[in-house]
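One letter stands for each residue in the lines below.
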Amino acid sequence: MPTPGGCQCQRERRRVQDVAGGGYANGTQERSEAVENPEGSVHVRDVAASSPSSYVRSFPGRNAERVGFHVMRVLAVANHKGGTGKTTTAVNLAAVWGQMGRRVLVVDCDPQAAATTWLNCQQEDGLRHVFSDGVELGGLIRKTPLPGVHVVPSSPALAGVERVAASEPGAEAILAERLAPVARHFDLTILDCPPTLGFLSVAALAASRRVVIPIAAQAMPLAALGDLVRTIHNVKA
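Residues numbered from 1 in each chain as written. Predicted model: local features only at pLDDT ≥ 70, side-chain atom pairs only at ≥ 80, totals over all residues. Heavy atoms only, no water.

Q: Looking at this structure, how should I read the side chain of Ser201?
A: In this structure, Ser201 sits in helix H7 (residues 199-207). In terms of polar contacts, Ser201 uses its side chain to reach the backbone carbonyl oxygen of Thr196, at 2.7 Å. Setting aside residues up to four positions removed in sequence, Ser201 forms contacts with Cys193, Pro194 and Thr196. (Helix = DSSP H or I, 4+ residues; strand = E, 2+ residues; numbered from the N terminus. Polar contact = N/O pair within 3.5 Å; in protein donor to acceptor, adjacent residues only side chain to side chain. Contact = heavy atoms within 4.5 Å.)

What follows is the structure, given as structure tokens:
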């Protein structure tokens, strides 16, 4: 027969698992739902809550940003060296979270649009207009064949942003501003960065709360890691 202390330990273990997994404190369901428009875009709307306090996320980390009752999880997958598995990491991470019943948004910040292709979506120029024309990010979200996974597609036209927006003061904060009202409706937002340390990578790093750096266990990639770490520190300073 389990002792009272054992029962308490089990309850504590369940509580810690809920916190580590980012679940709601009382196990309630999602507070938002996606509505697909005829043109294929996804509009996210709030679902009324019977008890607003029940939607406080139990997610650790002092850098997590609370928006309303939601704690944003925004991470960038970055490395200025190509071929390190950035897109592979981003897409598979999104797929796993989707299979767990979570809602995931992938923002393809790479003009090569590899994540867009992996997620079986058509390339679109919308993300470029977010930087150049102030278009809202929410209207660019598309559903993917993967359960729970949505994407903001990219295209080679995004490369033009480097020349146009890079010269504008404060342009690196545009993505963070446009992403904030959108990311609150998703359990996880993943920014797939291009293999450079240019404007698009800096904008993604500025919008993220955490950074995943895929790297090969070799001397040269490790030596180059310092440049990326310094860039992250400068962006977050």
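There's plenty left to go through after this.
Q: I keep staring at the sheet that holds strand E8 (residues 149-152) and nothing clicks. Help me out?
A: The pairing of strands in a sheet happens through backbone hydrogen bonds and is either parallel or antiparallel. Reading across the sheet, the six strands line up as E7-E8-E6-E9-E5-E10 and stay open at both edges, with mixed pairing between neighbours. Of all the strands in the sheet, just strand E7 (142-143) and strand E10 (210-212) have a single pairing partner and so form its edges. Taken together, the five bridges between strand E6 (residues 104-108) and strand E9 (residues 188-192) define a ladder with parallel strand orientation. Opposite Val107, over in E9, you have Leu191 as the bridge partner. Across the sheet, H7 touches strand E5 (74-77), E9 and E10, and the angle it forms with E5 is around 150°. (Pairing = 2+ DSSP bridges. Axes fitted to C-alpha atoms, helices over the stretch in contact; angles between N-to-C directions.)

Q: Sorry if this is basic, but what is going on with the pattern of salt bridges here?
A: Evaluated as defined, the whole model comprises two salt bridges. Taking the shortest distance from any N to any O, the salt bridge between Arg142 and Glu124 comes out at 3.1 Å. Taken together, the residues Arg142 in strand E7 and Glu124 in the loop between helix H3 (114-118) and helix H4 (126-132) connect sequence positions 18 residues apart. Taking relative accessible area as the criterion, Glu124 reaches 24% and is therefore assigned partly exposed. Salt-bridge contacts for Arg230 lead to Asp227; the nearest nitrogen and oxygen are separated by 2.4 Å. Placement of both Arg230 and Asp227 in helix H8 (residues 219-236) is noted, with a separation of three residues, approximately one turn of the helix. (Salt bridge = Lys/Arg side-chain N within 4 Å of Asp/Glu carboxyl O. Buried < 20%, exposed > 50% of the residue type's maximum accessible area, 1.4 Å probe, protein only.)

Q: Which parts of the structure should I look at to understand helix H2 (residues 86-99)?
A: Every α-helix winds through 3.6 residues per turn, so residues three or four apart in the chain are directed the same way. In this model, H2 (14 residues) spans 20 Å end to end at C-alpha, consistent with the 20 Å of a helix rising 1.5 Å per residue. For H2, the complete set of buried residues consists of Lys86, Thr87, Ala90, Val91, Ala94, Ala95, Trp97 and Gly98. End-on, the buried residues of H2 take up no more than an arc of 170°, which puts them together on one face. (Expected span 1.5 Å × (residues − 1). Arc of directions from axis to C-beta.)

Q: Sorry if this is basic, but what is going on with the nonpolar core here?
A: What tends to happen in soluble globular proteins is that the nonpolar side chains get buried as a cluster. Judged by nonpolar contacts, the single largest core of 33 residues is most densely connected at Phe131, Leu179 and Leu191. Top element by residues in this core is H7. It accounts for six residues. When near neighbours in sequence (up to four residues on either side) are disregarded, Phe131 contacts Leu158, Val161, Ala165, Ala171, Ile174, Leu175, Phe199, Leu200 and Ala203. Judged by nonpolar contacts, the second largest core, of 15 residues, contains Val77, Val91, Val149 and Leu188. (Core = buried A, V, L, I, M, F, W, Y, C linked by side-chain atoms within 4.5 Å.)

Q: What am I meant to see in unusual backbone geometry here?
A: Note: most peptide bonds trans; most residues except glycine with negative phi. One non-glycine residue, Ala113, lies in the positive phi region at around 55°. With respect to the secondary-structure elements, Ala113 resides in the loop between E6 and H3. One non-glycine residue, Asn120, lies in the positive phi region at around 60°. For Asn120, the position within the fold is in the loop between H3 and H4.

Q: What should I look at first to understand the packing of H7 against H8 in this one?
A: Two measures define how a pair of helices packs: the angle their axes make with one another and the distance between the axes. Contact geometry for H7 and H8: axes closest at 9 Å, N-to-C directions at 60°. Regarding the angle of H7 to H8, the classification is oblique. Read as a crossing pair, H7 and H8 show a hand that is right-handed. On H8, the residues touching Val202, Leu205 and Ala206 of H7 are Thr231, Ile232, Val235 and Lys236. Grouping the amino acids of the contact of H7 with H8 by side-chain chemistry returns five nonpolar, one polar and one charged. (Parallel < 35°, antiparallel > 145°, perpendicular 65-115°, else oblique. Left-handed = near helix turned anticlockwise from the far one by under 90°. Nonpolar A, V, L, I, M, F, W, Y, C, P; charged D, E, K, R; others polar.)

Q: What should I look at first to understand the side chain of Ser208 in this one?
A: Position of Ser208 among the secondary structure elements: in the loop between H7 and E10. At 2.9 Å, the side chain of Ser208 forms a polar contact with the backbone oxygen of Leu205. Residues in contact with Ser208, not counting those within four places in the same chain, are Val74, Leu75, Ala76, Leu191 and Lys236.

Q: Hey, could you run me through the confidence of the model for the protein in this one?
A: Confidence along the protein averages 75 in pLDDT terms, with 69% of residues attaining 70 or more. Scored below 50 in pLDDT, residues 1-71 shows 108 contacts in the model against residues more than four places distant or in partner chains. (pLDDT = per-residue confidence, 0-100.)

Q: Help me understand the packing of aromatic side chains in this model?
A: Describing an aromatic ring pair means giving the distance of the ring centres and the angle of the ring planes. Applying the stated criterion across every chain yields a total of one aromatic pair. Above the ring of Trp97, the side-chain terminus of Arg102 is found at 5.5 Å from the ring centroid. One Lys or Arg, Arg103, reaches over the ring of Phe186 and ends 4.6 Å from the middle of that ring. (Phe/Tyr/Trp six-rings, centres within 6.5 Å; stacked < 30°, edge-to-face > 60°. Lys NZ or Arg CZ within 6 Å of the ring centre and 35° of its normal.)

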